[in-house]
Amino acid sequence: MTVVVPRFSLVVLCGPAGCGKSTFAQRVFPPTAIVSSDQLRAMIADDEDDQSVSRDAFELFHRLIELRLRRRRLAVADSTALSPDARRELRALARRAGAPVGIFVFDLPESVCLAWDARRARRVGPAVIHRQWEMLQEALRRIPTEGYDQVVVLGEDDVRTAQVQIV
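Residues numbered from 1 in each chain as written. Predicted model: local features only at pLDDT ≥ 70, side-chain atom pairs only at ≥ 80, totals over all residues. Heavy atoms only, no water.

Let us now look at the overall build of the protein chain. The number of helices and strands found in the protein chain is 7 helices and 7 strands. When the helices and strands of the protein chain are placed in sequence order, the string is β-β-α-β-α-α-β-α-β-α-α-β-α-β. Computed over C-alpha atoms, the radius of gyration of the protein chain comes to 15 Å, within 12% of the 15 Å expected from 2.2 N^0.38 for 167 residues, which places it in the range of a compact globule. Looking at the 167 residues of the protein chain, the share that counts as buried comes to 46%. Considering only intrachain contacts with a sequence separation of at least 6, the fraction spanning at least 24 residues in the protein chain is 81%. (Helix = DSSP H or I, 4+ residues; strand = E, 2+ residues; numbered from the N terminus. Rg over C-alpha atoms; globule rule 2.2 N^0.38 Å. Buried < 20%, exposed > 50% of the residue type's maximum accessible area, 1.4 Å probe, protein only. Contact = heavy atoms within 4.5 Å.)

Written as C-alpha cells, this is what we have:
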C-alpha cells in the first residue's frame, strides 16, 4: 500500500499505545515533520512518561503544528488522538491554516498492541492499552463522519510495509 499525502497538510496518527504509530512515522515521514507528544514531554521534564507535564506538552504540540502549517509544511501529529476532542482540536488547527487534514488509524488487535508494548523499553501496560483499544473502537465508528480529507486505516501488515508518497 502506498498512501499519497500532500506536502502541505496535517496527518493525524490515531491509535493506542503499542500499535506502532511512532515507529511507522519515523519510517515513512521526514523527521522534521513529526510532532510527538511523548518527545515533547521528554523535552520538558526529561521523561516522556511524566504525565504531570502533559498540559504544557500539548500546548507546545499544538503550537508547533500550527507553526509548521502556517509555513505550509507537512505536520504529522504523533499522539494517540483517541478522544473526539483531541481530534477536533487538530482538525481545527488544519482548517484555520487552510490545510487538508488526513488521519491514519492504527487498527491492530489488542493482543498485538500488548505484545509490541511488552517489547518496548517504555511500557504502558495492559490496563492502559485495554482502555485505549476500547477508545479506538469508538473512534473507528466516529472518524468517518468527522470531516477528514483522507482516512487511512492501517492493519498490522500495513504498519510494517505501507509507504507514504509526499506530493
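Let us look at the nonpolar core. Core analysis: the largest hydrophobic core is formed by 26 residues, its most contacted members being V11, F24, F29, V76, F104, F106 and L154. Contributions of two or more residues to this core are made by β1 (2-5), β2 (10-14), α1 (21-28), β5 (101-106), α5 (110-118) and β6 (150-154). Dropping the residues within four chain positions of it, F106 is found in contact with L13, C14, G15, P16, C19, G20, K21, F24, L136, L154 and V159. Counting 25 residues, the second-largest nonpolar core is a separate cluster that includes A75, A77, L90 and I143. (Core = buried A, V, L, I, M, F, W, Y, C linked by side-chain atoms within 4.5 Å.)

Here is the key point about a regular strand: its side chains alternate between the two faces of the sheet. The alternating pattern of β1 places V3 and V5 on a buried face and T2 and V4 on a face that is not buried. In this sheet, strand β7 (residues 163-166) lies alongside β1 in parallel orientation, the contact comprising 4 bridges. If you follow V5 over to β7, its bridge partner there is I166. (Pairing = 2+ DSSP bridges.)

In this section: the packing of α5 against helix α6 (residues 126-142). Between two packed helices, what matters for the description is the angle formed by their axes and the separation of those axes. As a packed pair, α5 and α6 sit with axes 10 Å apart at the nearest point and diverge in direction by 145°. Crossing handedness for the pair α5 and α6: right-handed. Across the interface between the two elements, E110, C113, L114 and D117 from α5 touch P126, I129, H130 and W133 from α6. A class-by-class count of the residues in the contact of α5 with α6 yields 5 nonpolar, 1 polar and 2 charged. (Axes fitted to C-alpha atoms, helices over the stretch in contact; angles between N-to-C directions. Left-handed = near helix turned anticlockwise from the far one by under 90°. Nonpolar A, V, L, I, M, F, W, Y, C, P; charged D, E, K, R; others polar.)

It is worth spelling out the state of the cysteines at this point. Working definition: the covalent bond between the sulfur atoms of two cysteines is a disulfide. Summed over all chains, the structure comprises 0 disulfides. No disulfide involves C19; its nearest neighbouring cysteine sulfur is the one of C113, lying 5.3 Å away. (Disulfide = S-S within 2.5 Å.)

We now examine the sheet that holds strand β4 (residues 75-78). The sheet built from 5 strands is open, its strands ordered β3-β4-β2-β5-β6 with parallel pairing. Of all strands in the sheet, those with a lone pairing partner are β3 (34-36) and β6, marking the two edges. Direction aside, neighbouring strands of the sheet carry axes that sit 20° apart on average. Alignment of β3 against β4, held across 3 bridges, turns out to be parallel. Its bridge partner lying in β4, I34 is registered against V76. Contacting β3 and β4, helix α2 (residues 37-45) crosses the sheet at an angle of about 60° to β3. Against the sheet, helix α3 (residues 54-70) touches β2, β3 and β4, its axis set at about 165° to β4.

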